[in-house]
Amino acid sequence: MEKRRPFINIILTVILIALSAVFIAPVFIVLLNSFKSKFSISQTPFVLPNNDTFVAFQNYITGINDTGFLSAFGWSLFVTVLSVAVIVIFTSMAAWYIVRSGGRFAKLTYYLFVFSMIVPFQMVMFTMSKLANSLGLDTPLGLVFIYLGFGAGLSVFMFVGFVKSIPLSIEEAATIDGCNPMQIFYHVVFPILKPTTVTVAILNTMWIWNDYLLPYLVIGTDYKTLPIAVQYLKGGYGSVDMGAMMAVLVLSILPVVVFYLFAQKYIISGVAAGAVKG
Amino acid sequence: MNKQIRKYSPILFLPVFLAFLIVFLIPFFLGIYLSFTEFTTVSDAVFVGFKNYLSVFTNSGDFLNSLWFTVRFAVISVLSINIFAFALALILTRNIRGRNIYRTVFFMPNLIGGIVLGYIWQLIINGVLYNYGYSILSNPDFGFLGLVILMNWQMIGYMMIIYIAGLQNVPHEQIEAAKVDGASNTRILFKITIPAVMPSITICLFLTLTNAFKLFDQNLALTAGAPARQTEMLALNIYNTFYGRVGAEGIGQAKAVIFSLLVAVIALLQLYLTRRKEYEN
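Position numbers for residues start from 1 in each chain and track the written sequence from start to end. Naming scheme: in the order in which they are written, chains are lettered from A and ligands are numbered from 1. Reporting of local features is limited, given that this is a predicted model, to residues whose pLDDT is at least 70; pairs of side-chain atoms are given and counted only at 80 or more, and all residues count toward the totals for whole chains, interfaces and linings. Remark: hydrogens and water are excluded; side-chain values derive from all non-hydrogen atoms of the structure.

## Some points on the overall build of chain A
Part 1: For the purposes of this entry, the term helix denotes a DSSP run of H or I that reaches at least four residues, the term strand denotes a run of E that reaches at least two, and both are numbered from the N terminus. The helix and strand tally for chain A stands at 12 helices and 0 strands.
Part 2: In chain A, the order of α-helices and β-strands from amino to carboxyl end is α-α-α-α-α-α-α-α-α-α-α-α.
Part 3: For a compact globule of 278 residues, the expected C-alpha radius of gyration is about 19 Å, and chain A comes in at 24 Å, more than 25% above that figure.
Part 4: Taken along its principal axes, the extent of the C-alpha atoms in chain A is 80 × 65 × 30 Å.
Part 5: A separation of at least 24 residues holds for 73% of the contacts in chain A among residues at least 6 apart in sequence. The globule rule used here is 2.2 Å times the number of residues to the 0.38 power, and the radius of gyration it is set against is calculated over C-alpha atoms. We call two residues in contact when some of their heavy atoms are within 4.5 Å.

## Remarks on the domain arrangement of chain A
Part 1: When cut into domains, chain A gives domain 1 (6-50) and domain 2 (68-236).
Part 2: Throughout the structure description, domain borders are defined by an automatic or database domain assignment. Of note, the centres of domain 1 of chain A and domain 2 of chain A, computed from C-alpha atoms alone, are 37 Å apart.

## A short note on unusual backbone geometry
Residue and element names in this part refer to chain B.
Part 1: In the segment running from Ala226 into Pro227, the intervening peptide bond is cis, with an omega of 0°.
Part 2: Relative to the helices and strands, Pro227 is located in the loop between helix H12 (217-222) and helix H13 (234-244).
Part 3: Here Ala228, not a glycine, exhibits a phi torsion of approximately 50°, which is positive.
Part 4: Within the secondary structure, Ala228 is located in the loop between H12 and H13.

## Remarks on the packing of helix H9 (residues 172-180) of chain B against helix H10 (residues 185-196) of chain B
Residues and elements named next belong to chain B.
Part 1: Where H9 meets H10, the closest approach of the two axes is 10 Å, and the angle between their N-to-C directions is 150°. Relative to H10, the element H9 lies roughly antiparallel. Of the two elements, H9 crosses H10, and the hand of that crossing is right-handed. Across the interface between the two elements, Gln174, Ile175, Ala178 and Lys179 of H9 pack against Ile188, Ile192 and Thr193 of H10. To obtain each axis, a line is fitted to C-alpha atoms, and for helices this fit is confined to the stretch in contact; angles are then taken between N-to-C directions over 0 to 180 degrees. In this scheme, roughly parallel covers angles under 35 degrees and roughly antiparallel covers those over 145, while 65 to 115 is roughly perpendicular and the rest are oblique. Crossings are sorted by hand: turned counterclockwise from the far helix by less than a right angle, the near helix makes the crossing left-handed, and turned clockwise it makes it right-handed.

## Side note on the nonpolar core
Nonpolar side chains in soluble globular proteins tend to be buried together.
Part 1: Membership of the largest hydrophobic core comes to 188 residues, with the highest contact counts inside it found for Met128(A) and Met159(B).
Part 2: In terms of residue count, helix H12 (residues 242-277) of chain A provides more of this core than any other element does, 18 residues in total.
Part 3: Apart from the residues lying within four places of it in its own chain, the contact partners of Met128(A) are Phe121(A), Ile146(A), Phe150(A), Leu214(A), Val218(A), Val23(B) and Pro27(B). Definition of nonpolar core: a set of buried residues of the types Ala, Val, Leu, Ile, Met, Phe, Trp, Tyr and Cys, connected through side-chain atoms within 4.5 Å. A simple rule labels every residue: compare its accessible area, found with a 1.4 Å probe on the protein chains alone, to the largest value its type can have, and call it buried under 20%, exposed over 50%, or partly exposed in between.

## Overview of the environment of Leu117(B)
Residues and elements named next belong to chain B.
Part 1: In this structure, Leu117 sits in helix H7 (residues 114-130).
Part 2: A relative accessible area of 0% means that Leu117 is categorised as buried.
Part 3: Residues Leu117 and Asp217, spaced 100 residues apart in sequence, show a C-alpha to C-alpha distance of 8.7 Å.
Part 4: Leaving out residues up to four positions away in the same chain, Leu117 has contacts with Pro109, Ile112, Leu150, Trp153, Gln154 and Gln218.

Below, the structure written as structure tokens:
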């Protein structure tokens, strides 16, 4: 074991506390400004609210009304939860199929999945959104289908890596017991995949919850998700209501931070595990 | 068993394949084709050969400006993020009280979306610059610096987590043995620690490099390319070519093909070079 060296550790602790303050400060400053009147934000963001500038929850009311925040939150939740569930269920099955079926076609598509991870979204954004519109996928449910296609690359890749490490004998035993492939997958394989499932779910949640351009191009502002609602505040008017903006920023960050504080153990180990396999 | 599984391909494999086909494969190949045509909707495409590709470089300097801006941004932010993240990981693998709390704090910004991040930093940077009579839009250097700071704030914690996972696998006995032999700390760092975390370095460089090149949301929210498109990165430049004015879609698609090739070549080159380093050790 490394022995404690108090002096160095005290210096490092001071540095870490200072850095933590730097990391939290931006969010804290936005929070402070969300309680100030809209004209006293841009020029003096670092001044605390006082009697003249404090407006209580006025900005929150304006922000929620101007952006349709509650419905945006609802749609974000709907699209994210459903997409992640669909991605986890179908890509884990596909990964198992790719590894165990031994088919050449499945192998080839695996390489295409991996390839799709590097291709920037701009390459397909125009053609994809045109195709999606003509197929009637420009709805929240359509988005779920689209996310399955874009999430396939990373998710299949990670599940394939894990399935390869599962000994075949376990599945063969289940076959002898009379299980059909669907039963084998759900009773034997899927439970073993759990650590990867958590990682895949976390990485996809972080991506879909925050995604702006894809839903904006596919359904525009008919069904706003949170990032679209925030950007809408800027685009919708000539000048931005800074008060409403601050309030909406706080409201977008809050659920993420709360979720993070509850699930941080899984999120951090999930991200670390994802990187090792990537 | 294989045959049994194949019978179930309509449930096991088809849904993912169908989604992938419709949202990626078809749009991808259609995109390559359309880059050689002039079009405003997909159905009215007229073949024009390499005209769009020539226009990308000859029409105006905007694409090359964006390319240069993006390359500078990528080099500086990839270096700074990885150096800070690695240093933090080294500190947080020491025996320090409360290290889990610091880890939680440093990772937090990575969960905030790009659009929101952009507006947070716009407020702060404008607030600082206001004291000197400027705003982030007065000079492209402000926008550049803002993007670098934003990207560092967002990604340092993420990369730190990956480096910590790598550092925990460094063989402790080797370091102890080197200490007994009287090796200096710097020597241990460069001869034992860094070679041992080479796989983490590969991943972190890959993630920061591709994220830096593909950056869009943060760019759109922080400066939207202003002033005069001088802080417009490649992804935003392509977006503006497509949706900024009618008639340039073919050029936009040609830019997208060049962009994809560039990202693929840089990513594969980086993976090849750092993986080779992994095997050397």
